[in-house]
Amino acid sequence: MLPTNSLASLLALTALATAHAQDIEVRQLGSVDPLEVGGATNGLGDSLWAGSTVQTALNALEGLPGSRSDGYRSRARANLVALALLSGGRPPQGGRGNLSLASLRADRLLAASGAEAVYSLLERTPGLDRAPDLARLHAETAFALAAGDAGCRTANGLVVGRDQPYWLRARAFCHALNGEDAAAELSADLARAEEPDANFDGLLYAITIGSWTTGSASADTGLDWALAAVSPSENRPAIDLTDAPGWLVTAAEAASAAPALEADPALALEGLAMQEGVEREQRLEQLIRQDFDRLIAAQALAVALDEAVRDNDFMRVAREFGHEVDTLPITFDTIVDGGRFALAALAVGDIAAAQRWRDALENGPPARRTLPAYDPTKPDDLIGAVAEPGRPEWAPPSPSFMVGLDLALRVAQTQLRRASTDALIQARLEAGDASLGDVAALAGLGFAAPADFRLALYRADPSTVSPALSAMDAAAMAGARAETALLAAQVLADGPAAASPTELMRITAALDRVGLRDMALALVLERLIVELA
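Quick caveat: nothing in here was measured; it's all calculated off a predicted structure. (Residues numbered from 1 in each chain as written. Predicted model: local features only at pLDDT ≥ 70, side-chain atom pairs only at ≥ 80, totals over all residues. Heavy atoms only, no water.)

## Structural notes on the side chain of Glu 483
Then, number 1: In this structure, Glu 483 sits in helix H24 (residues 481-491).
Then, number 2: For the buried Glu 483, no salt bridge exists, and the shortest N-O distance to an oppositely charged side chain is 12 Å, to Arg 481.
Then, number 3: When neighbours within four sequence positions are excluded, Glu 483 is seen to be in contact with Trp 49, Gly 51, Ser 52, Thr 56, Ala 60 and Ala 475. (Helix = DSSP H or I, 4+ residues; strand = E, 2+ residues; numbered from the N terminus. Buried < 20%, exposed > 50% of the residue type's maximum accessible area, 1.4 Å probe, protein only. Lys, Arg positive; Asp, Glu negative; His and termini not counted. Salt bridge = Lys/Arg side-chain N within 4 Å of Asp/Glu carboxyl O. Contact = heavy atoms within 4.5 Å.)

Written out as structure tokens, the structure reads:
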């Protein structure tokens, strides 16, 4: 039997141990770093920042487009950035608790992947109440996605920096949502005293008063867009998104789907010449997506892709409408644009549709079969149909284009057998200097580097090498996976189609070295698609 004082000591020790265990649990739960929170797939794994320091991570992030930019023209480049920044894992050396690094990561992710990705990430990130930059990104994406309750939860729960004008206006919006008009206007008055914003006031008062007092309104923040979305529809002016960042424009367009086409498709197609701006873009989208006349849809898509090539925007338009290619009829009227249709299908991963159009480009549209007139004295005539009468002779695209398309199909399937791929690479070289980047990118992945290619590299004009390219090489050697991916994206500032052969060869080799071969192939595919278009 234990003495009383020993029992008391044991109980005290037990209580102390329990309290200590609880303290450890609380500290552990509260010490989750924002960089340790990742997306559902967590593509680069827990060790994505292994080999990196806080400064090398900051260097890799700072050179990328920010959330106030127009975003990315190259989807392959954006996906490379998103893969790294949606991954959660141990922070780089010296990076734990560094809110500047965490905020920069979320900011760059917003430009690369959009509002939904950042909102989902920050919904699961602890400590937003004491991290105003992260909190603002969460609130902005929540407001843009019509998740007002979540945005208001963050605005109301903020501890650090809650009296800044943005947060005063955010709480004014939240009061207005709850019908607390007086509180909303008081909060707006406090914000106005610090930083006037007539546009916000006009949007807010449209809600609290119940009618519009201004003839114009704009939205360059998620908060502005949320106000516009719940404002009275009667007499509401068109919301100007001219100064809005790319991610907000994308979110706004997703929430404002174009109405269904009501006019006759043929007449609507003719009327395109009389339209311009947003109205024309909406009409073109309606024509492409309508199911009444898919031949008209093909003509409309041809117009959209032709203008996209003119505007150096092929990949964006191809990704927007590529899934429509599968249901377009393959005829002599549509095969003229079959090359771009095949490329648009490849842009969205529809390899089957791309292959059908590729085969039609080589062999011509499938012939329509017709039965001869019935003659009772010649019953054998009904055994088979006859080929389409008056069918014109088909002239396939140039061999150079077909070789490029076949190479793109191989890359898209990521089933590159060395012998057959090396033969295509050799044939691709015949396209001249334009093909050198494609061959270089594949050479970086271990495919053929023919003598003619090596001679062309040797004879090329000297070019300035970006410091980011050398830093990327070193990061790959160190096994720093996230840093390698982000630095590669920095080098590809104008997309893979504009990169030099030297840059492409070193980028694909570096990505392959850190286990990102599929991302390297995606860059090659995008380059081929843009070039061939």
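## Thoughts on the pattern of salt bridges
Then, number 1: As enumerated under the stated definition, the model contains 26 salt bridges in all.
Then, number 2: Linking Asp 359 and Arg 358 is a salt bridge whose minimum nitrogen-to-oxygen distance equals 3.7 Å.
Then, number 3: The class of Asp 359 is partly exposed, set by a relative accessible area of 31%.
Then, number 4: Each of Arg 73, Asp 313, Arg 316 and Glu 320 takes part in one network of salt bridges that share partners.

## Describing the side chain of Ser 435
Then, number 1: Here Ser 435 is to be found in the loop between helix H20 (418-428) and helix H21 (436-443).
Then, number 2: Exposure remark for Ser 435: the relative accessible area of 0% places this residue in the buried category.
Then, number 3: Excluding its chain neighbours within four sequence positions, the residues that come into contact with Ser 435 are Arg 428 and Leu 429.

## Points about the packing of aromatic side chains
Then, number 1: This structure, assessed with the given rule, holds four aromatic pairs.
Then, number 2: On the basis of an interplanar angle of 90° and a centroid distance of 5.3 Å, the ring pair of Phe 143 and Phe 173 is categorised as edge-to-face. You can see Phe 143 sitting in helix H6 (residues 132-144) and its partner Phe 173 sitting in helix H8 (residues 165-177), a full 30 residues away along the chain.
Then, number 3: Note on Phe 173: relative accessible area 3%, which makes it buried.
Then, number 4: Note on Tyr 166 and Trp 167: the rings are 5.1 Å apart at their centroids and 85° apart in plane angle, and the pair reads as edge-to-face. Trp 167 carries the same exposure label as Tyr 166, and that label is buried.
Then, number 5: The ring of Tyr 166 is capped by Arg 136, whose NZ or CZ atom sits 3.9 Å from the centre of that ring. (Phe/Tyr/Trp six-rings, centres within 6.5 Å; stacked < 30°, edge-to-face > 60°. Lys NZ or Arg CZ within 6 Å of the ring centre and 35° of its normal.)

## A look at the confidence of the model for the chain
Then, number 1: Taken over all residues, the pLDDT of the chain has a mean of 90, while the share at 70 or more is 89%.
Then, number 2: Low confidence marks residues 1-29, where pLDDT is under 50. Its contacts with residues over four positions away, or in another chain, come to one contact. (pLDDT = per-residue confidence, 0-100.)

## Examining the state of the cysteines
In a disulfide, the sulfur atoms of two cysteines are covalently bonded to one another.
Then, number 1: Under the criterion given, the structure shown has one disulfide.
Then, number 2: Paired by a disulfide, Cys 152 and Cys 174 hold their sulfur atoms 2.0 Å apart. A torsion of -100° about the S-S bond marks the disulfide between Cys 152 and Cys 174 as left-handed. Of the two residues, Cys 152 sits in helix H7 (residues 148-157) while Cys 174 sits in helix H8, which places them 22 residues apart along the sequence. Both residues of the pair, Cys 152 and Cys 174, count as buried. (Disulfide = S-S within 2.5 Å.)

## Structural notes on helix H12 (residues 246-255)
Because each turn of an α-helix spans 3.6 residues, side chains separated by three or four positions in sequence point in the same direction.
Then, number 1: Among all positions in H12, only Gly 246, Trp 247, Leu 248, Ala 251 and Ala 252 are buried.
Then, number 2: Those residues of H12 that are buried lie in contact with helix H4 (99-113), helix H5 (115-123), H6 and helix H11 (222-230).

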